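Examining the three-dimensional arrangement
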Amino acid sequence: MNQYSIPVVGNAQTYVAANERARVEKQGSTWKKRIRIVLITIVACGVLAPILLGWAGNLWIDEKKLAALHDTKTATYVKLDEMPDYMWKAFVAIEDHRFMQHGGVDPVALARALWIDVRQGGYVQGGSTITMQLARNLFLTHDKTMLRKAKEMAIALQLEQRYSKEELLEMYLNVIYFGHGKNGIGEATAFYFGKSAKATGKDAITLGEAAILASLPKGPENYSPIKHWQKAKERQSVVLNRMAQLDVINQAQKQNALTENIRVTKTVKPAS
């Protein structure tokens, strides 16, 4: 062999195979880097999104409305400890049973609502928590748009930073719409049953009546015991069953509430 010749190690196939392995290894390394970047981005978004949304929530909060809500001297305002426990527990059970655990937005409820909406091909469920409903009723419209939902979430996150769960639940019960132009548990209790939500003893709101009231936020006019008694009773049964499933009440209490002789104090005259 000439002293200036380049020595050949192996053959052409070995050389090609080595290059292919190097290419595959480089490609695999590139994909690993991309996956790491994607994962880091997802984690960063998961951490930053609630912070940014919470900050944005300040922009959509009307401080005057919030201050007015805290005027607890109004005749119809009812504090949490002034009503029977089963009253507020009925609302939590049917509207947001993870209320005490989430931070204002419930990812599980949102994912379930999105899945149902996709399957039904329309806006069927919103996945709103009690805090999100409070935000909507206080500061927003009821338009079913993505922007309103984003605002709802942002305000809810901000409210959760400002108030305790008990304060949020109390505010919710005093602003939620119950149909027939009535807002808040105080007005609703008086309107539908002629009672005070603060009453105790034999004059107190019953479990059966509380379950009917808790059924109204889903559809105040559709489940009004004045306009649609049968629908109201069906929805009451759903509320009581949910309370029993969550061990808020026992089976005996549920049956007693279902068979209560409930009387509403208002009637709606048929259209002439």
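Since we're looking at a predicted model, the values are computed, not measured. (Residues numbered from 1 in each chain as written. Predicted model: local features only at pLDDT ≥ 70, side-chain atom pairs only at ≥ 80, totals over all residues. Heavy atoms only, no water.)

1. What to know about helix α5 (residues 130-139)
Operational definition: Partly exposed describes any residue whose relative accessible area lies between the buried limit of under 20% and the exposed limit of over 50%, with all areas from a 1.4 Å probe on protein chains only and scaled to the type maximum. Counting from the N terminus, the helices are DSSP H or I runs at least four residues long and the strands are E runs at least two residues long.
Here α5 lies mainly inside the structure; 9 of its 10 residues are buried. When we look at burial in α5, the residues that qualify are Ile130, Thr131, Met132, Gln133, Leu134, Ala135, Arg136, Leu138 and Phe139.

2. Side note on the packing of aromatic side chains
What describes a pair of aromatic rings is the distance from one ring centre to the other and the angle between the planes of the rings. The condition that has to hold: Ring pairs shown here join Phe, Tyr and Trp side chains whose ring centres sit within 6.5 Å, with only the six-membered ring taken for Trp; geometry is labelled stacked below 30 degrees between planes, edge-to-face above 60, and tilted in between. Each ring is checked for a lysine NZ or an arginine CZ that lies within 6 Å of its centre and within 35 degrees of its normal; such an atom marks a charge sitting over the ring.
All told, the structure shown has 4 aromatic pairs when counted by the stated rule. For the ring pair Phe91 and Phe178, a centre distance of 6.0 Å and an interplane angle of 85 degrees mean the geometry is edge-to-face. Of this pair, Phe91 sits in helix α3 (residues 85-95) while Phe178 is found in the loop between α7 (165-175) and α8 (185-193), placing the two residues 87 residues apart along the sequence. The class for Phe91 is buried, based on a relative accessible area of 0%. A relative accessible area of 0% means that Phe178 is categorised as buried. The aromatic ring of Phe99 is capped on one face by Lys165, whose charged end is 4.5 Å from the ring centroid. We note Arg235 situated over the ring of Tyr223; from NZ or CZ to the ring centre the distance is 5.7 Å.

3. Considerations on the environment of Met171
The line we're drawing: Whether two residues are in contact is decided by their heavy atoms, any of which lying within 4.5 Å being enough.
Of note, Met171 is situated in helix α7. Residues Met171 and Leu69, spaced 102 residues apart in sequence, show a C-alpha to C-alpha distance of 7.3 Å. Each residue touching Met171, except ones within four places of it in the same chain, is listed here: Leu66, Leu69, His70, Leu134 and Tyr163.

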